[in-house]
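Letter by letter, the chains look like this.
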Amino acid sequence: MNEIARRRTFAIISHPDAGKTTLTEKLLLYGGAVQLAGSVTARKNQRATTSDWMELEKKRGISVSSTVLQFDYGDFRINLLDTPGHRDFSEDTYRVLTAVDSVIMVIDAAKGIESQTRKLFEVCRQRRVPIFTFMNKLDRPTKDPLELIDELEKVLGLHPFPMNWPLGTGVDFRGVYDRVSGQAHLFERTPGGAFQAPVAVHDPSDPIFKEQMDPISYRKFVEDVAMLDGAGARLDSAAISAGNTTPVYFGSASNNFGVQLLLEGFLSCSPPPAPRSTSLGLISPDQPAFSGFIFKIQGNMDPRHRDRVAFLRICSGKFTREMVVLHPRTGKRVKLSNVHKIFGREREVIDEAYPGDILGLAGHSDFSIGDTLSEDPRIVYNEIPRFPPECFAFLHNTSPVKFKPFRKGLEQSVLEGIVQPFSVQNTPYAAPLLAAVGPLQFEVLQYRLQSEYGVETRLENAPWELVRWVDPSGKDHLIENSVTLPSGSRLGEDAAGETVVFFPNEWALRYFAKRSPDIKLHELPPKRA
């Protein structure tokens, strides 16, 4: 198997509390990347999961940043991107989805498809990303498995193909039946799910298997499998790659039931790195020229380093340490020497990497989210989506003597895409106006300013709910005050100097559009070179 063909780069998506981070931890456990599942001891001694590195994540029990976890399993090199599940951080998740070749969608089997799951699925569908589904928490009372399968088809429009089937649910959940091999896998629980669950494999006709199942669960298993087999559906790899069919796995991440079957099934059915769209058209991974794009920037991941790491997805060619590439946005040539493989907070210097791999580029202050790095100056990627902010607040520095660290920390947060800075005309506030997709991003900003830069801040909510960018054709009218803004609305500028209007609510926006039809407004800023 060549280096490109053995790469699998994927993310795990879910609604909050569906078990995404737990599944991430257990895939690392079964992949041999960790020896003890960190999440199981977290309640006893506050040990955090491997993928969560920020102190706030440990305290809140949620992922608020995306991390990269690379490990080998069999012949495969796996790049697993753990993403935020909280809705306030959907923008970071959407960016990460541009860097993957497939996703595993985790669904709480008791709740079915939830709102955030639906939103993330739509992003995957727009990008035609292959989706694998893991029905989680079968160790608790759940919806009927057939109802969950039906929900995938009716709500998401996906053609589900059950790769395995649960053997009981709730307290009677014993394991899963692998429809590919025709074998039943009966698991034993381990203390807290810290270690790989012992498993006994039986043929369904084996009397021992029937004896270990309660009669009701056994009878339902036989009826359900007969119904599935009678449907005659076949697994279509082309339909999976196109994002139309989703292989479905059942299990319990917390108890390690079905995790290894999910991992092995995913690796065998998921696609390797695919061609990517660029300014030259589609670029194949086996294109000789090295190229890739930056989808995330993170500062101060490790207090020992106190530096900035740009995460780059390799799309073509081969990376070698000390190679020189072009940074098209600035026109500069850059030597890639301080390059790491990132595993949560841990780093390891790497000498070579291939399409599908994620590089951690440290110490480059010129890099921004969405930038291309390439040996061929004609190759430019335009992969990163942008989203209009929905929350606005003024951030006050409560200690004037901390002006420099306050400014430095704020600049770093803007670069990472946590918040967007704006200026407002005719405002009495000297504090910067910041905007974010969700209010929790402000909490993360304040926490990091305090913990990483020693700056205490005070947040004051701004009276606006919407911002719109003014089309250049109507800019002069607004600036010359020949157009009256609705009450409570204000003019301003974004960080690039583009004119914007802040509106207090949807009514004000509609009123302005009706009174000034010649002035076009946009949800997003114009694309910049």
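Cut-offs applied
- Residues numbered from 1 in each chain as written.
- Predicted model: local features only at pLDDT ≥ 70, side-chain atom pairs only at ≥ 80, totals over all residues.
- Heavy atoms only, no water.
- Buried < 20%, exposed > 50% of the residue type's maximum accessible area, 1.4 Å probe, protein only.
- Helix = DSSP H or I, 4+ residues; strand = E, 2+ residues; numbered from the N terminus.
- Pairing = 2+ DSSP bridges.
- Contact = heavy atoms within 4.5 Å.
- Salt bridge = Lys/Arg side-chain N within 4 Å of Asp/Glu carboxyl O.
- Axes fitted to C-alpha atoms, helices over the stretch in contact; angles between N-to-C directions.
- Expected span 1.5 Å × (residues − 1).
- Phe/Tyr/Trp six-rings, centres within 6.5 Å; stacked < 30°, edge-to-face > 60°.
- Lys NZ or Arg CZ within 6 Å of the ring centre and 35° of its normal.
- Polar contact = N/O pair within 3.5 Å; in protein donor to acceptor, adjacent residues only side chain to side chain.

Asks: Would you mind showing me how to read the pairing of strand 24 (residues 391-397) here?
Replies: The side chains of a regular strand alternate between both faces of the sheet. Here strand 24 lies mainly inside the structure; six of its seven residues are buried. As defined by bridge partners, strand 24 adjoins strand 26 (residues 433-436) across four bridges and the pair is classed as antiparallel. Pairing of Phe394 across the sheet is with Leu433, part of strand 26. Direction of pairing for strand 24 relative to strand 27 (residues 457-461): antiparallel, over a ladder of five bridges. Bridge pairing in strand 27 links Phe394 to Glu460.

Asks: Explanation requested: the side chain of Asp108 in the structure shown.
Replies: Checked against the element boundaries, Asp108 lands in strand 4 (residues 102-108). Non-local contacts of Asp108, meaning those with residues more than four positions away in its chain, are made with Asp17, Ala18, Glu114, Asn136 and Lys137.

Asks: Is there a simple way to think about the pattern of salt bridges in this case?
Replies: For the structure shown, the criterion picks out 25 salt bridges. We note a salt bridge from Arg7 to Glu3, for which the minimum N-O separation is 2.4 Å. Judged by its relative accessible area of 2%, Arg7 falls in the buried class. For Lys220, the salt bridge is made with Asp144, and the minimal N-O distance between the two is 2.8 Å. Placement of Lys220 in helix 8 (residues 215-231) and of Asp144 in the loop between strand 5 (131-136) and helix 6 (145-156) is noted, with a sequence separation of 76 residues between them. Via salt bridges that share partners, Asp101, Arg127, Arg276, Arg313 and Glu383 belong to a single interconnected network.

Asks: Please explain the sheet that holds strand 24 as it appears in this structure.
Replies: The strands making up a sheet associate through backbone hydrogen bonding, with each pair oriented either parallel or antiparallel. Reading across from one edge, 27-24-26-25-29-30-28-31 is the order of the eight strands in this open sheet, with antiparallel pairing throughout. Both edges of this open sheet fall to strand 27 and strand 31 (521-522), since each of them pairs with a single strand only. Along the sheet face, helix 11 (residues 403-415) touches strand 24, strand 25 (420-424), strand 26 and strand 27 and points at about 155 degrees away from the line of strand 24.

Asks: Could you clarify how one ought to interpret helix 12 (residues 440-453) in this entry?
Replies: The α-helix advances 3.6 residues per turn, and as a result positions three or four apart in sequence lie on the same side. Between the first and last C-alpha of helix 12 there are 19 Å, a value that for 14 residues agrees with the 20 Å anticipated at 1.5 Å per step. Of all 14 residues that make up helix 12, ten are buried, and the element is covered over most of its length. Gly454, located one to two residues past helix 12, shows a positive phi value of around 70 degrees.

Asks: Just checking my understanding: could you explain the packing of aromatic side chains for this structure?
Replies: The geometry of an aromatic ring pair comes down to the distance between the two centres and the angle between the two planes. Within this structure, the stated rule accounts for 19 aromatic pairs. Here the aromatic rings of Phe290 and Phe319 are separated by 6.4 Å at their centres, their planes lie at 55 degrees, and the arrangement is tilted. Separated by 29 residues along the polypeptide, Phe290 in the loop between strand 13 (281-283) and strand 14 (291-299) and Phe319 in strand 16 (residues 319-320) bring together distant segments of the chain. The same class applies to Phe290 and to Phe319, which are both buried. Joined through ring pairs, the aromatic side chains of Phe392, Phe394, Phe422, Trp464, Trp469 and Phe502 make up one cluster. Above the ring of Phe161, the side-chain terminus of Arg179 is found at 5.3 Å from the ring centroid.

Asks: Explanation requested: the environment of Arg515 in the structure shown.
Replies: Along the chain, Arg515 falls in helix 14 (residues 506-515). Between the C-alpha atom of Arg515 and that of Pro486, which follows or precedes it by 29 residues, the distance is 9.5 Å. There is a polar contact of 2.3 Å between the side chain of Arg515 and the side chain of Tyr511.

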